[in-house]
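Below, each chain spelled out in residue letters.
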Amino acid sequence: EIAYYHARDAGGLDQLIGECPAIVELKASIRRVVQVESTEGGPPPSILITGETGCGKELVARACHYESPRRDGPFIEVNCAAIPANLLESELFGHERGAFTDARERKIGLIEAADGGTLFLDEIGEADLAIQSKLLKVLEDQRIRRLGSVKERRVDVRVIAATNQLLEQRVQEGRFRADLLYRLRVIHFVVPPLRARGTDIGL
């Protein structure tokens, strides 16, 4: 459910195999995004990656990290669909000792662990509304508070989210926050399925 990557060879544009126009343009877009990050400074814009299951959204997320100035920082992946909602909050934000019954020791959350790097939220459409609200605050303020703590901590994290769902539809159904979608979709990459990529099938 959770993965940590620190080596440069774990991702990059060379991992995006394909020569069809859609993939060439996708790679060019990624290059433009990381070049802007290199010159602007400050918190980098969030990225939303959409596409069907198996189309390579994780590879795009890794390329955005390992081609960027954050390449030497951590790349931490969290599958929001694989962790129960009551555990996901503690995993993301951490907790202080005694915050709940089983919290015997202080634990740093994954958002803090991603400081200086990238937090990749896979299957973001599966996150429940309570977690969505807390993630929105992180995107707005770049601050987190561990469970059971009264102290906020500043973090420097790029958030990349991915989903195979239509988030606009989930917003209409009341299952996804419109303001979170707005914050996540500052940059939007759509990854085409292999069947739409012509000669890339052979590659």
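Relevant structure appears above.
The rules behind the values
- Residues numbered from 1 in each chain as written.
- Predicted model: local features only at pLDDT ≥ 70, side-chain atom pairs only at ≥ 80, totals over all residues.
- Heavy atoms only, no water.
- Helix = DSSP H or I, 4+ residues; strand = E, 2+ residues; numbered from the N terminus.
- Buried < 20%, exposed > 50% of the residue type's maximum accessible area, 1.4 Å probe, protein only.
- Contact = heavy atoms within 4.5 Å.
- Areas by Shrake-Rupley, 256 points an atom, 1.4 Å probe, with all protein chains shown as cover.
- 1 Å grid on protein atoms, 1.4 Å probe; cavity = no way out; pocket = protein on both sides within 12 Å on 5 of 7 lines; lining within 4 Å.
- Points joined across faces, edges and corners; volume = space filled by probe spheres on them.
- Nonpolar A, V, L, I, M, F, W, Y, C, P; charged D, E, K, R; others polar.
- Phe/Tyr/Trp six-rings, centres within 6.5 Å; stacked < 30°, edge-to-face > 60°.
- Pairing = 2+ DSSP bridges.

Colleague: So, the overall build of the chain: which residues are in play, and what are the values?
Modeller: What the chain contains, in helices and strands, is seven helices and ten strands. Split into buried and exposed, the 203 residues of the chain put 49% on the buried side. Within the chain, counting contacts between residues at least 6 apart in sequence, those at least 24 apart form 76% of the total. In the form shown here, the chain has an accessible surface area of approximately 10,300 Å², with 48% of it arising from carbon and sulfur atoms.

Colleague: Break down empty space enclosed by the protein for me, citing the residues and quoting the values.
Modeller: Per the counting criterion, the structure on display carries one cavity of 30 Å³ or more. One number sums up the size of the largest cavity: a volume of about 50 Å³. Taken together, I111, L119, L121, L135, V138, L139, V159, L180 and L184 form the lining of the largest cavity. Considering every element that reaches the lining of the largest cavity, the biggest residue donor is helix 5 (residues 129–141), with three residues. Residues of the lining of the largest cavity, tallied by class, amount to nine nonpolar, no polar and no charged.

Colleague: Kindly report on helix 2 (residues 57–66), identifying the contributing residues and their values.
Modeller: In terms of residue burial, helix 2 counts as a mostly covered element, since eight of its ten residues are buried. Within the sequence span of helix 2, burial applies to K57, V60, A61, R62, A63, C64, H65 and Y66.

Colleague: Residues and numbers for the packing of aromatic side chains, please.
Modeller: On inspection of all chains with the given rule, the structure shows two aromatic pairs. Here Y66 and F75 contribute two aromatic rings whose centre-to-centre distance is 6.0 Å and whose plane-to-plane angle is 40°, an arrangement assigned as tilted. Taking relative accessible area as the criterion, Y66 reaches 0% and is therefore assigned buried. Note on F75: relative accessible area 0%, which makes it buried. Where F75 meets F120, the ring centres are 6.0 Å apart and the plane angle is 25°; that geometry is what we call stacked. Linking F75 in strand 3 (residues 75–79) with F120 in strand 6 (residues 118–122), this pair joins segments that are 45 residues apart in sequence. Take F75 and F120: they sit in the same class, and that class is buried.

Colleague: Tell me about the pairing of strand 6, residues and numbers included.
Modeller: With respect to burial, strand 6 is a largely interior element, five of its five residues being buried. Of the two faces of strand 6, both are covered, the one formed by T118, F120 and D122 as well as the one formed by L119 and L121. Bridge count between strand 3 and strand 6: five bridges; the pairing is parallel. Residue N79 lies in a different strand from strand 6, and its bridge partner there is D122. Relative to strand 9 (residues 158–163), strand 6 is paired through four bridges, and the arrangement is parallel. By the bridge assignment for strand 9, T118 is matched with R158.

Colleague: Kindly report on the layout of surface pockets, identifying the contributing residues and their values.
Modeller: As a volume, the largest pocket reaches approximately 220 Å³. In this structure, the largest pocket is lined by 16 residues; those nearest its centre are G54, C55, G56, L59 and R197. The set of elements that each furnish at least two residues to the lining of the largest pocket consists of helix 1 (21–40) and helix 2. Looking at side-chain class alone, the lining of the largest pocket contains ten nonpolar, four polar and two charged residues. Considered as a void within the structure, the second largest pocket measures approximately 180 Å³ in volume. As for the second largest pocket, its lining consists of eleven residues, of which F93, K134, K137, I144 and R145 are closest to the centre. Elements that contribute at least two residues to the lining of the second largest pocket include exactly helix 3 (85–93), helix 5 and strand 7 (143–144). Residue contributions to the lining of the second largest pocket peak at three residues, all from helix 5. Grouping the constituent residues of the lining of the second largest pocket by class yields four nonpolar, no polar and seven charged.

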